[in-house]
Protein chains: 2
Amino acid sequence: MRHLLASAKRRKIYPVNPTASEVLGIAAYDSVVDVPGSVDLAVIAVPALQVPEVMRECVQKGVKAAVVISGGFAEMGEQGGKLETELVKVARQGGIRFIGPNSMGHADTSSQLSTLAWTEEITPGPVALLSQSGNYGHRIIHSGVSSGIGFSKFVSTGNEVDLHLEDYLEYLAQDESTKIITAYIEGLREGRRFFQLAKETTVRKPIIVIKAGGTKESAKAVRSHTGTLAGSDAVYAAAFRQAGVLRVDDDDELCDVVTALLYQPLPRNNRIGILTIGGGLGVVAAEACEREGLEIAPLASSTLERLDAYLPPRWSHRNPVDMAGIGMDKSSATFSSLWALMEDKNIDAILLQAPVALGTKRLSNMFSAEETRAFREVEERNLSMVRQRIKEYGKPVFMVRPALEFATDPEASSAFRREGIPVYPNPRRAARVLHHLAWYRDYLDAAGR
Amino acid sequence: MRHLLASAKRRKIYPVNPTASEVLGIAAYDSVVDVPGSVDLAVIAVPALQVPEVMRECVQKGVKAAVVISGGFAEMGEQGGKLETELVKVARQGGIRFIGPNSMGHADTSSQLSTLAWTEEITPGPVALLSQSGNYGHRIIHSGVSSGIGFSKFVSTGNEVDLHLEDYLEYLAQDESTKIITAYIEGLREGRRFFQLAKETTVRKPIIVIKAGGTKESAKAVRSHTGTLAGSDAVYAAAFRQAGVLRVDDDDELCDVVTALLYQPLPRNNRIGILTIGGGLGVVAAEACEREGLEIAPLASSTLERLDAYLPPRWSHRNPVDMAGIGMDKSSATFSSLWALMEDKNIDAILLQAPVALGTKRLSNMFSAEETRAFREVEERNLSMVRQRIKEYGKPVFMVRPALEFATDPEASSAFRREGIPVYPNPRRAARVLHHLAWYRDYLDAAGR
């Protein structure tokens, strides 16, 4: 109700409650039937047993759409199942389409409509989320917003007795405000339709899913959660691959992939250039990439020559490029090396792990105030050139930086984000994203896109 | 030098530099030979070509120990290799043992000796770290300190031409200030000795290692980094298992395992109880546990009865325990449910994912100031009982909470840490740690400990 009121300038909100005369200071009605004028959307959050009756009143009122927040239906066993059957019968006969039951609500950031009970704001943006778990959906939004991801629509689909995940997917595929579709799935009611829709959609818009319930006890937990069958994990995996759907493990990986897709081109192939400040960092990054099926490309001889000019003689002379303890005051050499790697024909994407874009506090340990200003100016220019060159060469650049550095030096984080360069806390996560991107590029190539 | 000076009250520091008359305001000497009195430790950071000569002067002075920071030896090719051979010959003949070359230095927090060039402080504590990469060692220390881990000793072992990783390991096994040994390894010079030492040590002290260079190009990177052979990954993996060594993938996983070992008992077996606020969270947690080979234990009938009394009728009635949208103001029901799971004979460890120990700001959205105080008081009592019961029942309890929640609600994080309850950002990381702990318990059982 509080969330709905936040958009009250754009619409009229009528509380319905048979025992209260007002709710949050607004006059309440005994029944939806008593509300003056027509009603566009009913949000139903009464005990399960009363939901069919409330739905009947909505029919009487001529309501066409509803969100049923109430739980206590099929997920509670046989009796709840009967109640659910009654509910859907009432709605169908009355021509009402509805979300839920057992939904946490939904949100549309462009029209500022939210039937969610959370207090957090959802940043508007081009990513849609469909979730068969309200709490897990909340978690994804939470992680997304903190990673700088904005959302167009969110639906907590609940028990899906009327509208199915496939219905929302069909809508989002056409929705102009949605550029990327994400989903948390426990089990599909219309698998064949989902994969047909997905196949048509992924050639234009990426679809990224978490499919849960792939193990024995988690599948049982799915059943008791939303009354769904989790199905064979291998069958889902194969179908996702065939339909060009990117499958990820959890909310972190989902946000990692979305961030890259939002701001970076797809790599032409899977050959990675690694640029680091230290040998061990390069070893670990190379291993992470190879474990994800990526290639550590040999450097072209022209690249070797250029790097010889920029870097101290102790540099590794191979990919991964260990810049061998280059000073934090030498970020220009780091950028020159980056340009060299970007221009190397053997390299499709670059993983950067070096101290550039440091915050003012760390710079002030090395430089005077005036030197800091001059240094910062050059670095800002270099940073915006990264974005320009990513576009020019069509090669993604990812930054790896430990989470703690971001906590202690937030300026650096925001500098990269401003330039659309995704930042990952370790090379494993960056390599995983590059794997997804290279796979998706392959899929699109095979699909003739 | 700055780091050394920080401990200058406990020792005398003499800069040696042939071209400067003073360094950081302290009179400098032309050669170590000119330093008055005897010298306990020489820290050598001159260009590679000059290192053998400086080492000769150390021999002349009667120095017995050195740290060689200088790089440019075997890792640089044949010429550097010859220089290295000369260096080790000079030191051996003169009876000097040394760390490095190509080391980033070392630190001993109890005697406050640090030859590192970092500016960060290392929190003192019971964890030792040996690292064959200075930068990656830095990263582990960085991640560790931010996870609340304290360190006893750190050695960046460098090229290990004199002292080997095995020498440090032998020392740490006996070192009373070290309770847990961790290492970043690229390749072992004395594999047989390492595994013999490890086998003797792990029955008393856990050893946790990252072994890098397990893939083709990363192995080549290892070679150019410290001139080491990475060796067969499968052979290493088998040897680690036989010696009771816990092998982890990266610094995050290393810190996750260390945190659990520091504060939690080893689970008796691998049967996990999951307590969550939502169905989807339970599904994902159960899947994460099963993928790590853990079991989702069926609840004892007495536990089912107890949970029926604490939780709303919609709770899942099975493990994972979905508390079905229990309010944030009902943390006492969460704790009662936790006690029930801890007392269940089918359960060896518990994974908790519920909104307890919320910060004052979030509580004040729900309660008056007075209510908040009362609520907090009860919760503090419950939190300290968790620690007590973990000890009593010998069952570890892990908390799962998204990283963002910690950023926005740091009070909660510190409340858990104060009680020694490890907090992981997602169930996958918690499950991975439980897998390691259950495996280690099995190993110790088989070893008769």
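Caption draft 1: How the structure looks around the packing of helix 11 (residues 301-310) of chain A against helix 12 (residues 331-342) of chain A. All names here are of chain A. The interhelical angle for the contact between helix 11 and helix 12, taken along N-to-C directions, is 175°, at an axis separation of 10 Å. Taken together, helix 11 and helix 12 sit at an angle that is classed as roughly antiparallel. Of the residues in helix 12, those touching helix 11 at Thr303, Arg306, Leu307 and Tyr310 are Ala333, Ser336, Ser337, Ala340 and Leu341. Residues that form the contact of helix 11 with helix 12 fall into these classes: 5 nonpolar, 3 polar and 1 charged.

Caption draft 2: Structural detail: the relation of the copies chain A and chain B. For the pair chain A and chain B, the superposition axis carries a translation of 0.0 Å, the fit reaches an RMSD of 0.0 Å, and the rotation angle comes to 180°. Expressed as a symmetry operation, the mapping of one chain copy onto the other fits a two-fold axis. Interface overlap between copies is the fraction of interface residues in one copy that are interface residues in the other; for chain A against chain B it reaches 100%, indicating a shared surface.

Caption draft 3: The arrangement of the domain arrangement of chain A in detail. Residues and elements named next belong to chain A. Segmentation of chain A into domains returns domain 1 (2-99), domain 2 (105-263) and domain 3 (271-446). For domain 1 versus domain 2, the distance between C-alpha centres works out to 25 Å. Taken together, the contact between domain 1 and domain 2 spans 17 residues of the former and 18 residues of the latter. The set of elements that each furnish at least two residues to the side of domain 1 that touches domain 2 consists of helix 1 (2-6), helix 3 (78-94) and strand 5 (97-99). Considering only residue class, the side of domain 1 that touches domain 2 consists of 11 nonpolar, 2 polar and 4 charged.

Caption draft 4: Main features of the interface of chain A and chain B. Across the contact, 52 residues belong to chain A and 52 residues belong to chain B. Of all the elements in the fold, those that place two or more residues in the side of chain A that touches chain B are helix 4 (134-146), helix 7 (216-226) and helix 10 (279-291) of chain A. The biggest single contributor to the side of chain A that touches chain B is helix 10 of chain A, with 10 residues. The residue makeup of the side of chain A that touches chain B, split by class, is 15 nonpolar, 23 polar and 14 charged.

Caption draft 5: Up close: the environment of Ile207 of chain B. By the secondary structure assignment, Ile207 of chain B is in strand 11 (residues 207-211). In this structure, Ile207 of chain B is in contact with Ile181, Ala198, Thr201, Thr202, Val245 and Leu246 of chain B, ignoring residues within four places of it in sequence.

Caption draft 6: Spotlight on helix 6 (residues 191-202) of chain A. Residues and elements named next belong to chain A. Its 12 residues place the ends of helix 6 16 Å apart at the C-alpha level, agreeing with the 16 Å of an ideal helix rising 1.5 Å per residue. All of the buried residues along helix 6 are Phe194, Leu197, Ala198, Thr201 and Thr202. All buried residues of helix 6 fall inside an arc of 120° around its axis, so they share one side. Lining the buried residues of helix 6 we find helix 5 (165-174), strand 10 (180-185) and strand 11 (207-211).

Caption draft 7: Looking closely at the sheet that holds strand 5 (residues 97-99) of chain B. Residues and elements named next belong to chain B. Here 3 strands make up an open sheet; going across it, the order is 3-4-5 and the pairing parallel. A single partner strand is all that each edge strand has here, and the edge strands are strand 3 (42-44) and strand 5. The sheet shows a mean angle of 25° between the axes of neighbouring strands, direction not considered. Relative to strand 4 (residues 65-68), strand 3 is paired through 3 bridges, and the arrangement is parallel. Note on strand 4: the bridge partner recorded for Ile44 is Val68.

Caption draft 8: Examining unusual backbone geometry more closely. Of the consecutive residues Gly100 of chain A and Pro101 of chain A, the connecting peptide bond is found in the cis state with omega at 0°. Along the chain, Pro101 of chain A falls in the loop between strand 5 and strand 6 (105-108). Cis geometry marks the peptide bond from Asn319 of chain B to Pro320 of chain B, where omega comes out at 0°. Mapped onto the secondary structure, Pro320 of chain B falls in the loop between helix 11 (301-310) and strand 15 (321-322). Unlike most non-glycine residues, His317 of chain A shows phi in positive territory, near 55°. Tracing the sequence through the fold places His317 of chain A in the loop between helix 11 and strand 15 (321-322). For His317 of chain A, a count of 17 C-beta atoms within 10 Å corresponds to the partly exposed category.

Caption draft 9: Seen up close, the sheet that holds strand 12 (residues 246-248) of chain B. All names here are of chain B. With mixed pairing, the 7 strands of this open sheet are ordered in space as 7-6-9-8-10-11-12. Both outer strands of the open sheet, strand 7 (113-114) and strand 12, are each paired with one neighbouring strand and no more. As judged from the 4 bridges shared by strand 6 (residues 105-108) and strand 9 (residues 151-156), these two strands associate in the antiparallel manner. Paired with Gly105 across the strands is Ser156, a residue of strand 9. Relative to strand 8 (residues 124-131), helix 4 (residues 134-146) is tilted by about 155°, and along the sheet it contacts strand 8, strand 9 and strand 10 (180-185).

Caption draft 10: Structural context of helix 4 of chain A. Residues and elements named next belong to chain A. Given a rise of 1.5 Å per residue, 13 residues ought to cover 18 Å, and the 18 Å separating the end C-alpha atoms of helix 4 matches this to within 8%. Among the 13 residues in helix 4, 11 count as buried, and that is most of the element. Residues of helix 4 that are buried include every one of Gly134, Asn135, Tyr136, Gly137, His138, Arg139, Ile140, Ile141, His142, Ser143 and Gly144, and no others. One or two positions beyond helix 4, positive phi appears at Gly148, with a value near 85°.

Caption draft 11: Inspection of the pairing of strand 6 of chain A at higher detail. Residue and element names in this part refer to chain A. Covered by surrounding structure in strand 6 are Gly105 and Ala107 together with His106 and Asp108, the residues of both alternating faces. As paired strands, strand 6 and strand 7 (residues 113-114) are joined by 2 bridges and run antiparallel to one another. For Asp108, the partnering residue across the bridge sits in strand 7 and is Leu113. Adjacent in sequence and paired antiparallel, strand 6 and strand 7 are bridged by 4 residues, among which Gln112 carries a positive phi angle near 55°.

Procedures and definitions
- Residues numbered from 1 in each chain as written.
- Chains lettered and ligands numbered in written order.
- Predicted model: local features only at pLDDT ≥ 70, side-chain atom pairs only at ≥ 80, totals over all residues.
- Axes fitted to C-alpha atoms, helices over the stretch in contact; angles between N-to-C directions.
- Helix = DSSP H or I, 4+ residues; strand = E, 2+ residues; numbered from the N terminus.
- Parallel < 35°, antiparallel > 145°, perpendicular 65-115°, else oblique.
- Contact = placed C-beta atoms within 7 Å.
- Nonpolar A, V, L, I, M, F, W, Y, C, P; charged D, E, K, R; others polar.
- Least-squares fit on C-alpha atoms with pLDDT ≥ 70 in both.
- Domains from an automatic or database assignment.
- Expected span 1.5 Å × (residues − 1).
- Buried ≥ 20, exposed ≤ 12 C-beta atoms within 10 Å, placed from the backbone.
- Arc of directions from axis to C-beta.
- Pairing = 2+ DSSP bridges.

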